[in-house]
Amino acid sequence: MIVVIQCADRVGLIAAIARLIAKKGYNITSMQEHVDNNENLFFMRLELDGTDGAPQLEDDLRQLLPEGALIKVNPVPEKKIVVLVTKEYHCLADILVRNYFKTLGATVQCVIGNHTTLQDICNRFDIPFHEIPAGTDKTLFEENLMATLAPYDFDYLVLAKFMRILSPAFVWRLPMRIINIHHSFLPAFAGANPYRQAHERGVKLIGATAHYVTDELDEGPIIAQQIIPANHTLSVQDMVRAGKEIETAVLAKALKLVFDDRVFVYRNKTVVLE
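Criteria and cut-off values
- Residues numbered from 1 in each chain as written.
- Predicted model: local features only at pLDDT ≥ 70, side-chain atom pairs only at ≥ 80, totals over all residues.
- Heavy atoms only, no water.
- Helix = DSSP H or I, 4+ residues; strand = E, 2+ residues; numbered from the N terminus.
- Buried < 20%, exposed > 50% of the residue type's maximum accessible area, 1.4 Å probe, protein only.
- Contact = heavy atoms within 4.5 Å.
- Patch = residues over 30% accessible without salt bridge, like charges linked within 9 Å, V, L, I, M, F, W, Y side chains within 5 Å.
- Areas by Shrake-Rupley, 256 points an atom, 1.4 Å probe, with all protein chains shown as cover.
- Salt bridge = Lys/Arg side-chain N within 4 Å of Asp/Glu carboxyl O.
- Lys, Arg positive; Asp, Glu negative; His and termini not counted.
- Charge placed at Lys NZ, Arg CZ, Asp CG, Glu CD.
- Polar contact = N/O pair within 3.5 Å; in protein donor to acceptor, adjacent residues only side chain to side chain.
- Pairing = 2+ DSSP bridges.
- Axes fitted to C-alpha atoms, helices over the stretch in contact; angles between N-to-C directions.

A.B. asks: Which residues make up the side chain of Asn180, and what values go with them?
C.D. replies: Tracing the backbone shows Asn180 in strand E9 (residues 178-183). Asn180 gets classed as buried once you look at its relative accessible area, which sits at 10%. Residues in contact with Asn180, not counting those within four places in the same chain, are Leu159, Thr209, Ala210, His211, Val213 and Asp218.

Here's what the structure looks like:
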C-alpha cells in the first residue's frame, strides 16, 4: 500500500505519522519526505506492507494532520491509462512493450489516434485502437474524444507524440491527469521541423521534457527532463534519431514516477520523491 501526504509543515509530523501507522499495525518499508521551507509545505511518500483498511487509515491521517491536508492511500498501486497518438511510433511502441511484459506500472486501456498509421502495432499487441480523423474541427474532435474516452476507466491520458493542441476546456476536465512529452532544445525551436532548425543552429544539446498539460501550452509542471550532447558531425537524421531515443526515455521515466505516486504538484511545479 502506498500513502502520499501533502500538507502544511509543523514540528513532529514525521513522528506522529509513524506512531499512527505503527498503532494501526502496518510496517513502513519505504519512506521519503521533503519540506519546502519557503512555502511551509510538507511532502511524504510511504510504502506499507499491508493492503487492508485503506479508507480507515486515510480518515485517521486526516484527523491527525493539519487542516486541508491532501492524502491518498492507494492499496492497489497499478494505474490505468489511455494513450493519444498521431503518426510517430517510438513512444507508443515503448509503452506497448512495457505494457505487454507488465513492467509499465499501468495497463493500457486503449489507444486513440487522429491517423490510422499506428493502428497495426496496437492490433499486434491486442490493444483497442480508435480513430478520430485529423481533419475534424477542434470542438467536434474533442467532443468525439470525450465520447470515445467515456467507456474507459483510466487514471491518466498520455500524449505519446500526439500532434494536436488540446483546448483549455478539455484540459480542465482532466486536471493534472494529462501527461505530454516534447523536445526541448537550448534554444527552443517552435513550429515545424525542430530538429532541422536545431541542426541549422548548431545546437550542442538535445533534450526532452515530460510534463503535465495545463491550459498554457507546454507550460505545465515538469515531471522529468534529460539532455544528451550533440555536435557538428550529426546530420539532421542523426538528430532525429537521437531525439526520438531521448523522448522515449524521458517519457518512460516520467510515467514510472507518476505511476509510483512519487510526483507532487503545487503551484506550477513538482516535488519528485525518488
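A.B. asks: Give a description of a negative patch on the surface that names residues and reports values.
C.D. replies: On the surface, a cluster of negative charge is made up of Asp215, Glu216, Asp218 and Glu219. Looking at where Asp215 falls in the secondary structure, it is placed in the loop between strand E10 (205-212) and strand E11 (222-229).

A.B. asks: Quick rundown of the side chain of Thr209? Include the residues and the values.
C.D. replies: If you trace the backbone, Thr209 turns up in strand E10. The buried category is assigned to Thr209, whose relative accessible area is 5%. In this structure the side chain of Thr209 is engaged in a polar contact, spanning 3.0 Å, whose partner is the side chain of Gln225. Ignoring any residue separated from it by four or fewer positions in sequence, one finds Thr209 in contact with Asn180, Ile181, His182, Ser184, Ile222, Ala224, Gln225 and Val250.

A.B. asks: Just give me the short version of the sheet that holds E10, but keep the residues and values in it.
C.D. replies: Reading across from one edge, E7-E6-E5-E8-E9-E10-E11 is the order of the 7 strands in this open sheet, with mixed pairing throughout. At either margin of the open sheet sits one strand with a lone partner, and together these are strand E7 (129-131) and E11. Put simply, the sheet's adjacent strands are angled 20° from each other on average, direction ignored. One ladder, built from 4 bridges, connects strand E5 (residues 79-85) with strand E8 (residues 156-159); its direction is parallel. Across the sheet, the residue bridging to Ile81 is Tyr156, located in E8. In this fold helix H3 (residues 90-100) packs onto E5, strand E6 (106-113), E8 and E9, with an angle of close to 145° to the strand it touches most, E6.

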